[in-house]
Amino acid sequence: MSRRSQHIQQRLQQQVEPNISCREGHDSIILEGIVDNWAQVVRAGKLAAHEGYKGVVNRLAIEGLTLPPPRSPKLKDTALDGLHVDVLIVGGGVTGCAIARELTRKSISVLLVEKEDDLATHASSRNNGMIHPGIEPHPGTSKAYFNVHGNAMYDTVAAELGIPFTRCGSLILYQERWERFLGPLFMARARQNGVPGVRLINKNEALSLEPHLTREFSAALHMPSTGIISPYLLTVAYAENAVQNGARVSLETMVVDMKVREGRITAVGTNRGTLFPRVIVNAAGCYADAVADMAGDQFFTIHPRKGEIIILDRKKGHLISHVVAKPRLLQVKSDTKGGGVNRTIDGNILVGPNAVEQPFREDYSTDRDHIKLMLQRYLPLVPELSPADLITYFAGTRPATYEEDFVIERSQYVRNLVHAAGIQSPGLASAPAIAEEVARLTVGALGEVARVGDNPTFDGHRQGIPEPERMTWEERDALIHRRPDYGIIVCRCEGISKGQVVDALNSPISVTSIDAVKRRVRAGMGRCQGAFCTPQVLRIIGEQNGEQLAAITKKGGDSFILATETKTVQRAS
Amino acid sequence: MTVRNVDIAVLGAGPAGMAAALAAAGGGADTVLIERENHLGGILKQCVHDGFGLLRFGEKLSGPEYAGRFVHMVREAGLAVLTSTFVAAARHDSEESVLMLVDRSGVTELHAKAVVLATGCRERSARQVMIQGTRPAGVMTAGAAQYYVNVLGYLPTTRCVILGSGDIGLIMARRLTLEGAEVLGVFEAKSTPSGLSRNVAQCLDDFGIQLHLSRTVTRIFGDDRVEAVETAAVDEKMRPIAGTEERLTCDGVILSVGLIPENEVGEALGVPMDPVTKGPVMDQNGQTQVSGVFVCGNAAHVNDLVDYVTESGERAGAAAAAFVAGRRTHRLLPLMADSTVLLYAVPQFVDMDAPESGAVVYFRSGEELGVTVVEVTAGGETVARHRYQHLRPPEMERLEIDLNRIPVSAGSLNIGVESAAAAEMTS
């Protein structure tokens, strides 16, 4: 054991739990032992980080706690068995889908597998849609680089993919006069990270930008490059454009093991057969460390940090346009960065998120006290907001490493593996830049075993599902003349038409669940939370897909909306 | 894009809207009845239980039967009806309202001299009552469950709990039981039921379904489909009490936790709302504070009897027709409800210049009361009084007043409970 790991072990034994042991492997430090609770696991992982190792592999277990296995698809078949592809991407979040699209610029075969029944079901749909300006990450980190570069790419990306995006800007409010002295520090950070247009503004100017804001602040930092996008629509759009350019997306497909020989992955086992990819991209979100482990290359550990977000009625959307936060500077911790309020691209106001360390990677349950606390803390930022505006809330988990930085690199030990892991906030903002870099690394790895040429027919433009609400009345009228289904409104709260639902069901990546439709066209996202439209969407799915109503699910698996028919009378014919 | 002009647009063809449209057309106005669904009748279409129309027709009708009678009248009267038509935007200019209508044929810009809002109400959702836990399939409002069972012919659950003792929840407890599902109990955070007493008796007691008062559902478990819920006793502020949690295995949670008037179109027209009723501030004929915009039925405030909904529709429709026929003066007196005993009273204003001298006041008590005399006073005079055997918050009461009895000098009307001594004397 090296002196360095011995030193860390000593510290962990003193400060966390005497039975923790440390060893080295793959340039990282591995923690083993049994502790009492999750807080100790996280504390040990953090203490071991940034001590000169490449990463922390935290294998500490908790006395009496068995973590549940990943949510797995029911499906078992051989649809993909024996398939040879150039690149296999594991994970259909925004990172994996952006990489898939980027790779289709080359004339190679790309397969993206996702274990759920749709894309963007985990972290990529469970965030506030903010395209961060890039002022928060420490200069020199991967986060800082990809955040700022990714942010700058969004105007082009959104225009090409045909999805709405706005540079709404963000405001950080300062309460106390002395906090203004932090302004120059932030300005310096902005310069170092290359964040454009950041200015310290006085209260009056901030109020002229956001007239409905609280008066309880003295100054604000204005970051005009902050943007807002629909994170699930973006993910779907990336994937659809990839598919249009020849990539293949296989849903309900889960990687379960890998064969590694002489530093190469030779076969990848899934619930749908064994795949033979030349290069594998690990974009597996909260399970990226498990995928790395399958390849024998785990040098980091994901600790899922939960965040809860409250959604308010669109009626109040006019009250703010910027992302607004008011950090409590005296209590600020780097990993619980300040939540606040922001308006989504569809006009709802979001409140939050918070940040809670907990062991479950796919536990999206919410907590009453947390919700109440966020309402108390953040609603006063805009005094006209009230708890009565709440329509729902949700949770997500951030796939954080103990180094709290992105892992974007070719594996040092497995020649045909590229990691895009630890992509927590600001992963959405960074996605376009990460995709470029990962595609470059992947093409590099592929180039060692095959010739890689450009895809001459690549077309980065995607036509989205029409959004009547964003059209002029004349455009809308003309659309209905072409497609009368666009004149039949099924979701009254959001004004979503049957035509949109039909188009979602017939989109390039076939989906069949209520939530998948909701992610694409917003049916059910409004103030009644699907009470009126779920039965209508159910009927349309049944009608379009020729499916029995009782077989239709909310989100794949066994999430059936209906149990049985009430009366099944056999009629004499 | 088509442009069309009418005298009156009635929004919503449930019981309120159909009554309003019939009254408006009967008053001689060029009226169009606009409905977003493809059939008339509103929520009554899925209310297959009986008990509708006792006051109106002296009969116990099912929801579809009650609606059917009005659908018949609408057809007989030859009313202009637009079904599958959605109001996508609305604005009010000084002389008219402009509604952007969307249907299969395209977009229509409808200019209406008067609008009657009969847009009904919607149900509160799970998260609005602070239920925590996961978001699996199997959590639905009672109205959605009712649609699945009565319209689609499917059971959405085989074993469920019902949260909230609102009328639809009670009715669905019985309906699901009759269809073979197991209802483990009805949980009500308040200490008294939210629904009508007759529904508690006929839907729960008769079927041996337990009503758990001062107890709520705090958490939902299950990833794909509901697997269990946690219930807990609550204190007087409806906060869960630690240590009283109990876990029940089930595959469904049905919510009947309150109704909210739907006034998105009203808001777009600039109609001010009453924070208590969540409906527009209005006079006895449903005239809101925006001239020419009227409201009736559950959009005005949540009713428990369809008969009253119809009555309010008729008044609003007739008033809209009178408005179109010729402007008149208004003199509004506020109707103040004694909030120590009453949950609310509507209308918020009484228009002393209205042509009809009769006006109807509806109110709910704030808590359960025994023998109570309720009176309306104005300028020191008692304008109306009525003795009730009991008053319960779920049961809306109706009181008629005669405008002629209101002193000219009166600056407001007050509704409250007569003092105990006075009540004693009258009994």
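Just so it is clear, the structure is predicted and the values come from calculations on it, not from any experiment. (Residues numbered from 1 in each chain as written. Chains lettered and ligands numbered in written order. Predicted model: local features only at pLDDT ≥ 70, side-chain atom pairs only at ≥ 80, totals over all residues. Heavy atoms only, no water.)

Trainee: Help me understand the overall build of chain A in this model?
Mentor: Of the regular secondary structure elements, chain A holds 14 helices and 28 strands. Whereas a compact globule of 573 residues would reach a radius of gyration of roughly 25 Å, chain A reaches 24 Å, a difference of no more than 12%. Principal-axis analysis of the C-alpha atoms places the extent of chain A at approximately 80 × 65 × 50 Å. Counting across all 573 residues of chain A, residues that qualify as buried make up 60%. Restricting the contact set of chain A to residue pairs at least 6 apart, pairs at least 24 apart contribute 73%. Here chain A displays about 22,600 Å² of accessible surface, and carbon together with sulfur accounts for 50% of that area. Distance from the positive charge centre (67 side chains) to the negative charge centre (63 side chains) of chain A: 2 Å. (Helix = DSSP H or I, 4+ residues; strand = E, 2+ residues; numbered from the N terminus. Rg over C-alpha atoms; globule rule 2.2 N^0.38 Å. Buried < 20%, exposed > 50% of the residue type's maximum accessible area, 1.4 Å probe, protein only. Contact = heavy atoms within 4.5 Å. Areas by Shrake-Rupley, 256 points an atom, 1.4 Å probe, with all protein chains shown as cover. Lys, Arg positive; Asp, Glu negative; His and termini not counted. Charge placed at Lys NZ, Arg CZ, Asp CG, Glu CD.)

Trainee: Explanation requested: the environment of I241 of chain B in the structure shown.
Mentor: Residue and element names in this part refer to chain B. Structurally, I241 is set in the loop between β17 (228–233) and β18 (246–249). I241 gets classed as partly exposed once you look at its relative accessible area, which sits at 35%. Taking the C-alpha atoms as reference, I241 lies 9.4 Å from R215; in sequence the two are 26 residues apart.

Trainee: Looking at this structure, I do not really get the pairing of strand β17 (residues 273–282) of chain A. What am I missing?
Mentor: Two faces belong to every sheet, and in a regular strand the side chains alternate between them. Residues and elements named next belong to chain A. With seven of 10 residues buried, β17 is to be regarded as a mostly interior element. Judged from the seven bridges that link them, strand β6 (residues 83–90) and β17 form a sheet pairing that is parallel. Residue V90 lies in a different strand from β17, and its bridge partner there is N282. Hairpin connection from strand β16 (residues 264–270) to β17: two residues lie between these consecutive antiparallel strands. Taken together, the three bridges between β17 and strand β25 (residues 417–421) define a ladder with parallel strand orientation. Paired with N282 across the bridge in β25 is H419. (Pairing = 2+ DSSP bridges.)

Trainee: What's the story with empty space enclosed by the protein in this structure? I'm lost.
Mentor: It is the rolling of a water-molecule-sized probe over the atoms that shows where space remains empty. Using the criterion set out here, one finds three cavities of 30 Å³ or more in the structure. Considered as a void within the structure, the largest cavity measures approximately 540 Å³ in volume. Surrounding the largest cavity, 29 residues form its lining, Q529, T534 and K554 of chain A together with V139 and M140 of chain B being those nearest its centre. For the lining of the largest cavity, the secondary structure elements donating two or more residues are α13 (514–521) and α14 (533–545) of chain A together with β11 (139–141) and α4 (142–152) of chain B. Reported here for the second largest cavity is a volume of approximately 160 Å³. (1 Å grid on protein atoms, 1.4 Å probe; cavity = no way out; pocket = protein on both sides within 12 Å on 5 of 7 lines; lining within 4 Å. Points joined across faces, edges and corners; volume = space filled by probe spheres on them.)

Trainee: Where do I start with helix α9 (residues 368–378) of chain A in this structure?
Mentor: Since there are 3.6 residues in each turn of an α-helix, residues three or four apart along the chain are aligned in direction. Here α9 of chain A has its buried residues at I371, M374, L375 and Y378 of chain A. The arc enclosing the buried residues of α9 of chain A, seen along the axis, measures out at 100°, which places them on a common side. Summarising the geometry of α9 of chain A, the exposed residues directed more than 90 degrees from the buried face are D369 and Q376 of chain A. Residues of α9 of chain A that are buried make contact with β18 (302–312), β20 (340–343), β21 (349–352) and β23 (390–401) of chain A together with β10 (132–133) of chain B. Capping of α9 of chain A at its N-terminal end is provided by D367 of chain A; its side-chain oxygen lies 2.9 Å from the backbone amide nitrogen of D369 of chain A. (Arc of directions from axis to C-beta. Polar contact = N/O pair within 3.5 Å; in protein donor to acceptor, adjacent residues only side chain to side chain.)

Trainee: So what exactly am I meant to see when it comes to the pattern of salt bridges here?
Mentor: Pairs can form between side chains of opposite charge whenever their charged atoms are close. For the structure on display, the rule yields 65 salt bridges over all chains. Of the charged contacts in the structure, one is a salt bridge between R91 of chain B and D93 of chain B, with a shortest N-O distance of 3.7 Å. Residue D351 of chain B is joined to R328 of chain B by a salt bridge in which the shortest nitrogen-to-oxygen separation is 2.9 Å. One end of the pair, D351 of chain B, is in strand β24 (residues 349–351); the other, R328 of chain B, is in the loop between α8 (306–325) and β22 (332–337), with 23 residues separating them in the sequence. Owing to a relative accessible area of 0%, D351 of chain B belongs among the buried residues under this scheme. The structure contains a network of salt bridges with shared partners spanning D313, K315, R492 and R527 of chain A together with R36, E37, K45, R122, E262, E264 and E267 of chain B. (Salt bridge = Lys/Arg side-chain N within 4 Å of Asp/Glu carboxyl O.)

Trainee: When you look at the nonpolar core in this model, what are you seeing that I'm missing?
Mentor: Considering soluble globular proteins, one finds that nonpolar side chains tend to be buried as a cluster. If you look at the biggest cluster of nonpolar residues, it comprises 51 residues, and the most contacted ones within it are I89, L103, I229 and L234 of chain A. Broken down by element, the residue count for this core peaks at 12 residues, all from helix α10 (residues 427–447) of chain A. The contacts of I89 of chain A, once residues within four sequence positions are left out, are G96, I99, A100, L103, V110, L111, L112, V113, V281 and A283 of chain A. Membership of the second largest hydrophobic core comes to 45 residues, among which are A504 of chain A together with M140, A142 and L204 of chain B. (Core = buried A, V, L, I, M, F, W, Y, C linked by side-chain atoms within 4.5 Å.)

Trainee: What am I meant to see in the interface of chain B and chain A here?
Mentor: One frequently used descriptor of interface size is the decrease in accessible area upon assembly of the parts. Listed by partner, the interface residues are 52 residues for chain B and 56 residues for chain A. Between chain B and chain A the total buried area reaches about 4,700 Å² when both faces are included, carbon and sulfur atoms providing 54% of it. The interface formed by chain B and chain A includes nine salt bridges. For the salt bridge of R104 of chain B with D485 of chain A, the shortest nitrogen-to-oxygen distance reads 3.8 Å. Here chain B and chain A share 26 residue pairs in polar contact (both at pLDDT 80 or more) between them. Mapped onto the side of chain B that touches chain A, the elements with two or more residues apiece are β6 (86–92), β7 (97–103), β8 (106–117), β9 (121–123), β10, α4, β12 (154–155) and α7 (264–268) of chain B. Ranked by residues supplied to the side of chain B that touches chain A, first place goes to α4 of chain B with six residues. Residue composition of the side of chain B that touches chain A, grouped by class: 23 nonpolar, 12 polar and 17 charged. (Buried area = accessible area lost by both parts, 1.4 Å probe. Nonpolar A, V, L, I, M, F, W, Y, C, P; charged D, E, K, R; others polar.)

Trainee: Can you help me understand the sheet that holds strand β1 (residues 21–25) of chain A in this one?
Mentor: What holds strands together in a sheet is hydrogen bonding between their backbones, with the strands either parallel or antiparallel. Residue and element names in this part refer to chain A. Taken in spatial order, the three strands of this open sheet run β1-β2-β4, and their pairing is mixed. A single partner strand is all that each edge strand has here, and the edge strands are β1 and β4 (56–58). Across the sheet, the axes of successive neighbouring strands diverge by a mean angle of 25°, strand direction being ignored. When strand β2 (residues 28–32) meets β4, the two strands line up parallel, connected through three bridges. Looking at β4, one finds that I29 is bridged to V56. (Axes fitted to C-alpha atoms, helices over the stretch in contact; angles between N-to-C directions.)

Trainee: Any chance you could explain the confidence of the model for chain B here in plain terms?
Mentor: Caution is warranted with low-pLDDT regions, since their predicted coordinates should not be read in detail. The predicted model of chain B averages 95 in pLDDT, with 98% of residues at 70 or higher. Scored by ipTM, the complex comes to 0.94, with pTM at 0.94. (pLDDT = per-residue confidence, 0-100.)

Trainee: Please explain the pairing of strand β24 (residues 407–410) of chain A as it appears in this structure.
Mentor: All names here are of chain A. The pairing of β24 with β25 spans four bridges and is antiparallel. Across the sheet, residue V407 finds its bridge partner in β25, namely A421. In sequence, β24 turns back onto β25 through a hairpin of six residues.

Trainee: Honestly, the side chain of T372 of chain B in this entry has me stumped. Any pointers?
Mentor: Residue and element names in this part refer to chain B. Along the chain, the position of T372 falls in strand β26 (residues 372–378). For T372, a relative accessible area of 6% puts it in the buried group. Among the polar contacts made by the side chain of T372, one reaches the main-chain carbonyl oxygen of G370 at a distance of 2.6 Å. Excluding residues that lie within four positions of it along the chain, T372 makes contacts with H386, R387, Y388, L391 and V417.

Trainee: Any chance you could explain the sheet that holds strand β28 (residues 397–402) of chain B here in plain terms?
Mentor: All names here are of chain B. Taken in spatial order, the three strands make up an open sheet running β23-β25-β28, and their pairing is antiparallel. Each edge of the open sheet is held by one strand with a lone partner, namely β23 (342–346) and β28. Across the sheet, the mean angle separating the axes of adjacent strands is 25° when strand polarity is ignored. Relative to strand β25 (residues 358–365), α8 is tilted by about 145°, and along the sheet it contacts β25 and β28.

Trainee: Any chance you could explain helix α5 (residues 167–178) of chain B here in plain terms?
Mentor: All names here are of chain B. With 12 residues, α5 extends 17 Å between its outermost C-alpha atoms, agreeing within 8% with the 16 Å of an ideal straight helix rising 1.5 Å per residue. Buried residues dominate α5, accounting for nine of its 12 residues. All of the buried residues in α5 are D167, G169, L170, I171, M172, A173, R174, R175 and L176. Contact partners of the buried residues in α5: α4, β12, β13 (159–163), β14 (182–188), α6 (197–204) and β19 (252–255). Positioned one or two residues after α5, G180 has a phi angle of 100°, which is positive. (Expected span 1.5 Å × (residues − 1).)

Trainee: Please clarify how the packing of helix α12 (residues 498–505) of chain A against α13 of chain A should be interpreted in this entry.
Mentor: Residue and element names in this part refer to chain A. Direction vectors running N to C along α12 and α13 enclose 115°, while the axes themselves pass 9 Å from each other. Considered as vectors, α12 and α13 are oriented roughly perpendicular to each other. Judged by the twist between their axes, the crossing of α12 over α13 is right-handed. Between α12, through Q500, V501, A504 and L505, and α13, the contact on the second element is made entirely by V517, R520 and V521. A breakdown of the residues in the contact of α12 with α13 according to their chemical character gives five nonpolar, one polar and one charged. (Parallel < 35°, antiparallel > 145°, perpendicular 65-115°, else oblique. Left-handed = near helix turned anticlockwise from the far one by under 90°.)

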